[in-house]
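One-letter residues, chain by chain:
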Amino acid sequence: MKTPAGIYIHIPFCAVKCMYCDFYSIAEREDSIPRFINAITTEIERCNMDVSDWGIDTIFIGGGTPSLIDGHFIESILTSLQNSFDISSVKEFTMEANPGESPKDRLMDFRSLGINRISMGVQSLEPTLLKFLTRIHSVEQVFETYENARSVGFHNVNCDLIYSIPGQTWDIWERDMERIIELEPNHISAYTLTLEKGTDLFKLVKDKKVTMPEDGQTAEWFLKTHEIMESYGYSSYEISNFSKPKMECQHNLHYWRIHPYLAFGPSAHGFDGQNRWNNSRSMDHYLQQIESNKSPVSMKETLTQKDLLNEMIGFGLRMKDGINLSKIPEKFKNKFSGNLIVAEKKWEGCFIQTEKSISLTKTGMVYGDAIGVDLMVD
Ligand SMILES: C[S@@+](CC[C@H](N)C(=O)[O-])C[C@H]1O[C@@H](n2cnc3c(N)ncnc32)[C@H](O)[C@@H]1O
Ligand code: SF4
């Protein structure tokens, strides 16, 4: 049987850089789009990895704001993928789209190219919070873009939301969730606002101009958020991800299940089952490398069996399915069991253990990162 696998394409262009965002994205560089498309298609066509035993079943075009790019450019990328890999088994093909930055005719073009899932960056439905987050879309544009996506034939739509934003009350967050749930998206990602180094938000907090919500409040909201999502039939299959039955994001599941994936574009990172690599996180360097027939890869590391196990522990604890015990290599089984016994005492009430898996209770998920560290083998 072929190894399930995915392809990630990174499109770094954005209309503005949001104050909280640490993804590699650049504003005011639209003039570089045609050059970038030439580079990424060259990168794809030059890729000579043997993926003949991979069953590529997902493609994810993320960013940045890929919905800023015209359909014909996306078509060029797809043609390069088709020329280079067997993508005939792709079932889920996602594109990230920003409200107000994905006009209906462009959404129609994307749909006709075979893209079948839209991931919308809603973030909030409170105008003052959208402003605080330096988002340029309005609340009305969220509903308009959602309607447009549905009307041009997207049967699989995700909405990204952010909570625990400074100035957000529980009532605002609960109302936002309920308004989004009323739309009946197939999938909702609800992230707590993370303070990322190097962002404007980080500087504002450091300069004491903004105060982040306390950890205790974030933990309480996390638990209540999960309760609300589940009461409306959105299963929390991962710490920040909720889906209607059978609508889990298969591409993200590849990451969390440590499946291999190819990755193209600046800052994109790939994995072949043994090695992880990163492309350059600079558009200019990425373009220069490709245009001078050089590799855009800026970092590559080979994972040991122990590294892979520790990744499996870290990602496994994020998922409802937990860590698949049958995947723990024989030589680490004793060490892992020892760590588990100690952790179960320290983190009482945080584990769910079955014959086949170890997963976390909701309370356990609040402390997931620290619990993961305690379970990892050294
Ligand atoms: C690759 S990003 C952006 C996609 C798209 N450009 C947008 O902004 O809607 C995917 C998602 O990550 C989330 N995100 C980005 N930075 C975050 C942060 N610092 N804390 C929490 N969530 C974040 C947002 O919900 C965003 O929609
Ligand atoms: S959140 Fe989205 S729109 Fe904002 S800078 Fe990041 S990638 Fe661009």
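This text follows the structure it describes.
Residues numbered from 1 in each chain as written. Chains lettered and ligands numbered in written order. Predicted model: local features only at pLDDT ≥ 70, side-chain atom pairs only at ≥ 80, totals over all residues.

**Here we look at the site of ligand 2**
Selection criterion: Any residue whose C-beta atom, as placed from the backbone, lies within 6 Å of a molecule or strand is termed near it. Residue polarity is assigned by list, with Asp, Glu, Lys and Arg as charged and Ala, Val, Leu, Ile, Met, Phe, Trp, Tyr, Cys and Pro as nonpolar; anything else, Gly included, falls into the polar class.
Near ligand 2, the surroundings consist of Cys14, Lys17, Cys18, Cys21, Phe23, Ser25, Gly63, Gly64, Thr65, Asn98 and Gly121. Taken together, the residues of the shell around ligand 2 break down into four nonpolar, six polar and one charged.

**Some thoughts on unusual backbone geometry**
Inclusion rule: Note on conventions: DSSP H or I runs of at least 4 residues are helices, E runs of at least 2 residues are strands, and numbering of each starts at the N terminus. Counting other C-beta atoms within 10 Å of each residue's C-beta, where C-beta atoms are placed from the backbone, gives the exposure class: buried for 20 or more, exposed for 12 or fewer, partly exposed between.
In this model, Gly63 is joined to Gly64 through a cis peptide bond whose omega is 15°. Tracing the backbone through its elements, the reader meets Gly64 in the loop between β4 (54–63) and α2 (71–84). A positive phi angle, near 65°, is found at Asn293, a position not held by glycine. The class for Asn293 is exposed, based on 8 C-beta atoms found within 10 Å.

**Some points on the site of ligand 1**
The environment of ligand 1 is made up of 17 residues, and the closest members are Tyr20, Gly121, Asp160, Tyr191 and Thr194. Contributions of two or more residues to the shell around ligand 1 are made by β4, β6 (117–123) and β7 (157–163). Here the residues of the shell around ligand 1 are counted per class, giving six nonpolar, eight polar and three charged.

**Some thoughts on the packing of helix α1 (residues 33–46) against helix α10 (residues 283–291)**
Rules: Angles shown run from 0 to 180 degrees and are taken between the N-to-C directions of axes, each axis being a line fitted to C-alpha atoms and, for helices, limited to the stretch in contact. Working rule for angles: under 35 degrees goes down as roughly parallel, over 145 as roughly antiparallel, 65 to 115 as roughly perpendicular, anything else as oblique. Left-handed describes a crossing in which the near helix is turned anticlockwise from the far one by less than a right angle; the clockwise case is right-handed. Two residues form a contact once the distance between their C-beta atoms, set from the backbone, is within 7 Å.
As a packed pair, α1 and α10 sit with axes 10 Å apart at the nearest point and diverge in direction by 55°. Classified by the angle their axes make, α1 and α10 are oblique. Of the two possible hands of crossing, α1 and α10 adopt the one that is left-handed. Residue-level inspection shows Arg35, Phe36, Ala39, Thr42 and Glu43 of α1 in contact with α10, the latter providing Tyr286, Leu287, Ile290 and Glu291. Broken down by class, the residue content of the contact of α1 with α10 amounts to five nonpolar, one polar and three charged.

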